[in-house]
Amino acid sequence: MRQPAPAPGALASAVPVSGGVPAGNAAGAAGGRRLVELDVLRFVAAFAVMAFHFMAASRSLWDEYPTTLFEPVARLTTLGILGVELFFLISGFVILMSVWGHTVGEFAVSRVSRLYPAYWFAVLVIFIMYRFSGVAGFDPKLSDGEYLLNLTMFQGAFGVGHAGGVFWSLWVELRFYVLLALFSLVGITLRRCLVFLAAWSGLALLAEFTQNETLVFVFMPRQAPYFIAGMAFFLIHRFGARSGAFVPWLLIAAGYGMSLYAALDRVGERVRLIGIKHYPAPPEAVVVAITVIYLLMAAVALGWLRWVRWRRLVTLGALTYPLYLLHQTVSAVLIPAYRDVVDPWLLTAITMTVAIGLAYLIYRMVDKPGQRWLRARLGALLGRSRRFRSRGRGDTSRTATAIPAQSPEASVP
């Protein structure tokens, strides 16, 4: 079932994608202007997560608490854990943008081609490293069959561990995509979107209060507030005053409150586990971090960051996904090997530089061509399926396949 066509000033027309960025076309802003600011925010989120893992979270890398080694910045790096929450907010914004006006098949092709090439490469690298080297840090200790299951990205559904420590967030993203795809079957309109977001907010609250296993799995109460708020921010960005006036802001306010609750508990759990001395992230700092994240997304939605136009920043958004997938793997190789002979600040800087450089190479040599290859083949398969169904209905006209124009800022952590 084809969705209502995008209104003028919304997502650019769906076209087969090519070009120089990993998620495809640079469409995605009102009037066709690329939202470069989202590329910047994605890199900020990825860098925050990397700093968190290198300088705050991974005691096993340094053989001592990293917050002791990097005490001057410990109050910042401990909050880097919330970079994933920023990713979820961005995801709500851009995934609603990418599904609007497209069929479920087109949306599936765009998401599969976006997610899997770099992910398959990351799983392969991790498998080879832990099977054929002496590296031990972050070893998931999976069997060959479990690595194969990881290639599907659905290992979480079978209770199998993730090959990479950060892969848990991709399983959350996939469930969000399924919810949005099911919603798109009824046809996405502004009014229906507001109802959907309100209903999801209520069901997420119900899941949190009841802790019903099925409700928690489907409605994701700890992540849903970010997705919901991100989608509401997109409605404000796209429709402005036509977005139901205060309704999206009410949804955002509700999401903000639920996000504070979830973030305080998530960070607080780490503080309770190792103590505030070794994880200096007091509740007030968490509140400030979540507030800043929401304010940044509000600035995007209201167009206050339109001055961010430098095209080279697009590359930052392009390499964010491979950086997110493999930065821990890079640190597992470098930090334990050199921590006793290189100053920790210098070693961290070197490790970050190597991780970013490797991410760029993966983007250029694996992610970008892999997306193009996979999108072309899945698009052709979708087109043949449509033509087959058309012939079955006695429709002899050719059925064109238009894959949603993806934007490199698209969601994936």
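Residues numbered from 1 in each chain as written. Predicted model: local features only at pLDDT ≥ 70, side-chain atom pairs only at ≥ 80, totals over all residues. Heavy atoms only, no water.

What about the overall build of the chain?
And step 1. Helix and strand counts for the chain stand at 15 helices and zero strands.
And step 2. Residues counted as buried form 54% of the 413 residues belonging to the chain.
And step 3. If you sum the accessible surface of the chain, you get close to 17600 Å²; carbon and sulfur atoms cover 66% of it. (Helix = DSSP H or I, 4+ residues; strand = E, 2+ residues; numbered from the N terminus. Buried < 20%, exposed > 50% of the residue type's maximum accessible area, 1.4 Å probe, protein only. Areas by Shrake-Rupley, 256 points an atom, 1.4 Å probe, with all protein chains shown as cover.)

Things to note about helix α8 (residues 168–184)
And step 1. Given a rise of 1.5 Å per residue, 17 residues ought to cover 24 Å, and the 25 Å separating the end C-alpha atoms of α8 matches this to within 8%.
And step 2. Counting buried positions along α8 yields 14 of 17 residues, so the element is predominantly enclosed. (Expected span 1.5 Å × (residues − 1).)

Looking at the packing of aromatic side chains
And step 1. In the structure shown here, the tally under the stated rule is 27 aromatic pairs.
And step 2. When the centroid spacing of 6.2 Å and the interplanar angle of 85 degrees are considered together, the rings of Y116 and Y119 count as edge-to-face. Highlighted residues: Y116 and Y119, both in helix α6 (residues 104–132), separated by three residues, approximately one helical turn.
And step 3. Given the relative accessible area of 9%, Y116 is considered buried.
And step 4. With a relative accessible area of 0%, Y119 lands in the buried category.
And step 5. Taking the centre distance of 4.2 Å and the plane angle of 10 degrees together, the rings of F176 and F227 count as stacked. In this pair, F176 is assigned in helix α8 and F227 in helix α11 (residues 224–239), connecting sequence segments 51 residues apart. Comparing F176 with F227 shows no difference in burial state: the two are buried.
And step 6. Aromatic ring contacts, followed pair by pair, group F88, F107, W168, F176, Y177, F183, F196, W200 and F227 into a single cluster. (Phe/Tyr/Trp six-rings, centres within 6.5 Å; stacked < 30°, edge-to-face > 60°.)

Remarks on the packing of helix α5 (residues 83–99) against α8
And step 1. Where α5 meets α8, the axes come as close as 11 Å, and the angle between the chain directions of the two elements is 30 degrees. Between α5 and α8, the interaxial angle falls into the category roughly parallel. As for how α5 packs across α8, the hand of that crossing is right-handed. From α5, V84, F87, F88, S91, G92, I95, L96 and V99 reach across to α8, where they touch W168, S169, V172, E173, F176, Y177, L180 and S184.
And step 2. Split into classes, the residues belonging to the contact of α5 with α8 amount to eleven nonpolar, four polar and one charged. (Axes fitted to C-alpha atoms, helices over the stretch in contact; angles between N-to-C directions. Parallel < 35°, antiparallel > 145°, perpendicular 65-115°, else oblique. Left-handed = near helix turned anticlockwise from the far one by under 90°. Contact = heavy atoms within 4.5 Å. Nonpolar A, V, L, I, M, F, W, Y, C, P; charged D, E, K, R; others polar.)

Remarks on the pattern of salt bridges
And step 1. Overall, the coordinates contain five salt bridges when judged by the stated rule.
And step 2. We note a salt bridge from R131 to D144, for which the minimum N-O separation is 2.8 Å. With a gap of 13 residues between them, R131 in helix α6 and D144 in helix α7 (residues 144–150) connect regions that are remote in the sequence.
And step 3. For R131, a relative accessible area of 35% gives the class partly exposed.
And step 4. Note that E208 is salt-bridged to R222, the shortest N-O span being 2.9 Å. Taken together, the residues E208 in helix α9 (residues 190–210) and R222 in the loop between α10 (213–219) and α11 connect sequence positions 14 residues apart.
And step 5. When salt bridges with common partners are traced through the structure, they connect E208, R222, D265 and R272 into a single cluster. (Salt bridge = Lys/Arg side-chain N within 4 Å of Asp/Glu carboxyl O.)

With respect to a nonpolar patch on the surface
And step 1. Taken together, the side chains of V178, L182, L185 and V186 define a hydrophobic patch exposed on the protein surface, amounting to about 350 Å² of accessible area.
And step 2. Summarising the element assignment, L182 is placed in helix α8. (Patch = residues over 30% accessible without salt bridge, like charges linked within 9 Å, V, L, I, M, F, W, Y side chains within 5 Å.)

Describing helix α1 (residues 36–57)
Quick reminder: α-helices carry 3.6 residues per turn. Residues three or four places apart thus point the same way.
And step 1. With 22 residues, α1 should reach 32 Å at 1.5 Å per residue; the first-to-last C-alpha distance of 30 Å fits that figure.
And step 2. Counting buried positions along α1 yields 17 of 22 residues, so the element is predominantly enclosed.

Looking at the nonpolar core
And step 1. In this structure, L82, F167, W200, F233 and L235 are the most contacted members of the largest nonpolar core, which totals 122 residues.
And step 2. With 13 residues, the single largest contributor to this core is α1.
And step 3. Ignoring sequence-local partners within four residues, the contact set of L82 consists of A263, V267, V286, A289, I290 and I293. (Core = buried A, V, L, I, M, F, W, Y, C linked by side-chain atoms within 4.5 Å.)

Comments concerning the environment of W304
And step 1. With respect to the helices and strands, W304 occurs in the loop between α13 (283–301) and α14 (313–338).
And step 2. Under the relative-accessibility criterion, W304 is labelled exposed at 60%.
And step 3. Distance in space between the C-alpha atoms of W304 and E37 is 9.9 Å, their sequence separation being 267 residues.

Comments concerning the side chain of S331
And step 1. Along the chain, the position of S331 falls in helix α14.
And step 2. S331 sits in the buried class, given a relative accessible area of 0%.

Purely geometric stuff here, so don't read any function into it on its own.
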